[in-house]
Amino acid sequence: MLTCGRFLSSSSAAAATTASFSPLRTLTRSLLRRAHPRLLSSASAAAATAVEPDTKASGGGAGGGAGVARPQWKAAIDFKWIRDNRDAVADNIRCRNSATNLDLVLELYEQYLALQKEVERLRAERNAVANKMKGKLDPSVRLALVEEGKNLKEGLIALEEDLVQLTDKLQLEAQSIPNTTHPDVPVGGEENSVVRKEVGSQRSFNFKIKDHVQLGKELDLFDFDAASEVSGSKFYYLKNEAVLLEMALVNWAIMEVSKKGFTPLITPEIVRSSVVEKCGFQPRAQNTQVYSIEDSDQCLIGTAEIPVGGIHMDSILADSVLPLKYVAYSHCFRTEAGAAGAATRGLYRVHQFSKVEMFIFCRPEESDKWHEELITIEEDLYASLGLHFKTLDMATGDLGAPAYRKFDIEAWMPGLERYGEISSASNCTDYQSRRLGIRYRPTPSEPPPANSKKGKGAGSGPTQFVHTLNATAVAVPRLIVSILENFQQDDGAVVIPEPLRPFMGGLEVLSPKSK
């Protein structure tokens, strides 16, 4: 660490200031200017877009901060933990196929610590000079102290500007670091995922089966052609009983999940880009799945997880309200960039769809338990419909940046002749809450002593970040695919699963329309 020494009055003092700061500032600025190409699919691609010109002066009264790129938000990242667990973090990044540049993050962090220490030292010197000027002084001594204070202030402003820029650079790089991974998660790509559970078996058909596209045409349930003309490819109209089926799936799921203590929500479907980023998505990266609204800081949601995650943003929750459990209905919008081929045709992969999402805010020590609860709810829902499916513990290479662990459910779709994902359940631990600023204040395990001072009693302890979890109750198009293909009959009709019939006015069978 370079030291600046004490400053003397006169122009030589200013020269000494410049000389003593120069090496540290040069090194810092070389890091700030350095270009570091990364894959645009990494989470940092989203973070890298979350900057805007800062036309205000930087902190500490600096006047030269105009035009400095500043992040719109900061995550509460534990850099000391990352540095102290460097090998484990590097291994996790590698297993999850992340493009994070850990070496750069740690290099920036060391520079940040050094620069912060230098700033603090200069602040202390400036305060010491200010204290010396409080008493009666010889005019020449006072003049020297005034000059010394001026030089210290100018040097401090310059270093504070550098500290702001370095902090922003460090934040943008570190936001791409993925969450830690549960020790039981299988390592590798999607093919290494492990089957946790299998429910039911593939139905045997004694007739030539049809896929959902053909069934929908014969039952007059969809219109893809008209939607393509009106909106583009991968859009659709639902018609006739398909409308009732969507409403039935939504109402049935909300009712069943609400019985388990979840609060129903209908969410906004346009949110700020920063909220999308905080939840771990990439609104402006190449091949993003997020629709961004031009000339605004807003996006269409790809899942209700985003607005529900933001409902308690920047707040401290009472321990007594946890866990907070929500079941949210929304439309979802996804670009589905790069998706093509027969395996994605029809309703299987579309740009707009309805979904019912479960979301939980809980204490850290309870998130594994609630993760199991969420996957159990999903399995019970789909088993009650009579679907054949398997639950997978997804491998590291298939985990998004926020997920600590993720379970997927894939249902057998006989018309497509394959299993297709119909839901997932993720434990994101504190990855999202550190970005969204959601904490809680644990209740003390023991009551405060009778003579404790005011403000030191219950509810006054340190806060902790909550854990967040999300899980799909119903992704409507995928379940319509599953129902039509699994419950088709030899005469072209489709039997409605019994739990949905009360929500369809008692309708039991979808029959082909007479020609």
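Because the structure is a prediction, the values reported are computed rather than measured. (Residues numbered from 1 in each chain as written. Predicted model: local features only at pLDDT ≥ 70, side-chain atom pairs only at ≥ 80, totals over all residues. Heavy atoms only, no water.)

Attention now moves to the environment of Q488. Topologically, Q488 is positioned in the loop between α14 (476-486) and β18 (494-495). Separated by 278 residues in the primary sequence, Q488 and K210 place their C-alpha atoms 8.1 Å from one another. Leaving out residues up to four positions away in the same chain, Q488 has contacts with R203, F205, F207, I209, K210, L215, A493 and V494. Polar contacts involving the side chain of Q488 include one to the main-chain carbonyl oxygen of E485, which spans 2.9 Å. (Helix = DSSP H or I, 4+ residues; strand = E, 2+ residues; numbered from the N terminus. Contact = heavy atoms within 4.5 Å. Polar contact = N/O pair within 3.5 Å; in protein donor to acceptor, adjacent residues only side chain to side chain.)

Given a rise of 1.5 Å per residue, 18 residues ought to cover 26 Å, and the 26 Å separating the end C-alpha atoms of helix α12 (residues 367-384) matches this to within 8%. When we look at burial in α12, the residues that qualify are S367, W370, H371, L374, I375, I377, E378, E379, L381 and Y382. One or two residues past the end of α12 sits G386, with phi positive at roughly 85 degrees. (Expected span 1.5 Å × (residues − 1). Buried < 20%, exposed > 50% of the residue type's maximum accessible area, 1.4 Å probe, protein only.)

On to the pattern of salt bridges, then. Counted according to the given criterion, the structure contains 25 salt bridges. E357 is the salt-bridge partner of K355, the closest N and O atoms lying 2.5 Å from each other. Comparing K355 with E357 shows no difference in burial state: the two are buried. With a shortest N-O distance of 3.3 Å, K406 and D398 are connected by a salt bridge. With relative accessibility at 11%, the residue K406 sits in the buried group. We classify D398 as partly exposed; its relative accessible area is 25%. The structure contains a network of salt bridges with shared partners spanning K80, R83, D84 and E110. (Salt bridge = Lys/Arg side-chain N within 4 Å of Asp/Glu carboxyl O.)

Averaged over every residue, the pLDDT of the chain is 84; residues scoring 70 or more account for 81%. Low pLDDT (under 50) marks residues 34-70, which in the prediction has 75 contacts with non-local residues, meaning those over four places away or in another chain. Overall, residues 454-458 carries pLDDT values under 50, and its contacts beyond four positions in sequence, including any with other chains, amount to 5 contacts. (pLDDT = per-residue confidence, 0-100.)

Strands in a sheet are paired, the pairing made by backbone hydrogen bonds, and the direction either parallel or antiparallel. Spatially, β9-β15-β16 is the arrangement adopted by the 3 strands of the open sheet, whose pairing is mixed. Lying at the two open borders of the sheet, with one neighbouring strand each, are β9 (315-318) and β16 (464-465). With 4 bridges connecting them, β9 and strand β15 (residues 438-441) associate as parallel partners. Residue I316 lies in a different strand from β15, and its bridge partner there is R439. (Pairing = 2+ DSSP bridges.)

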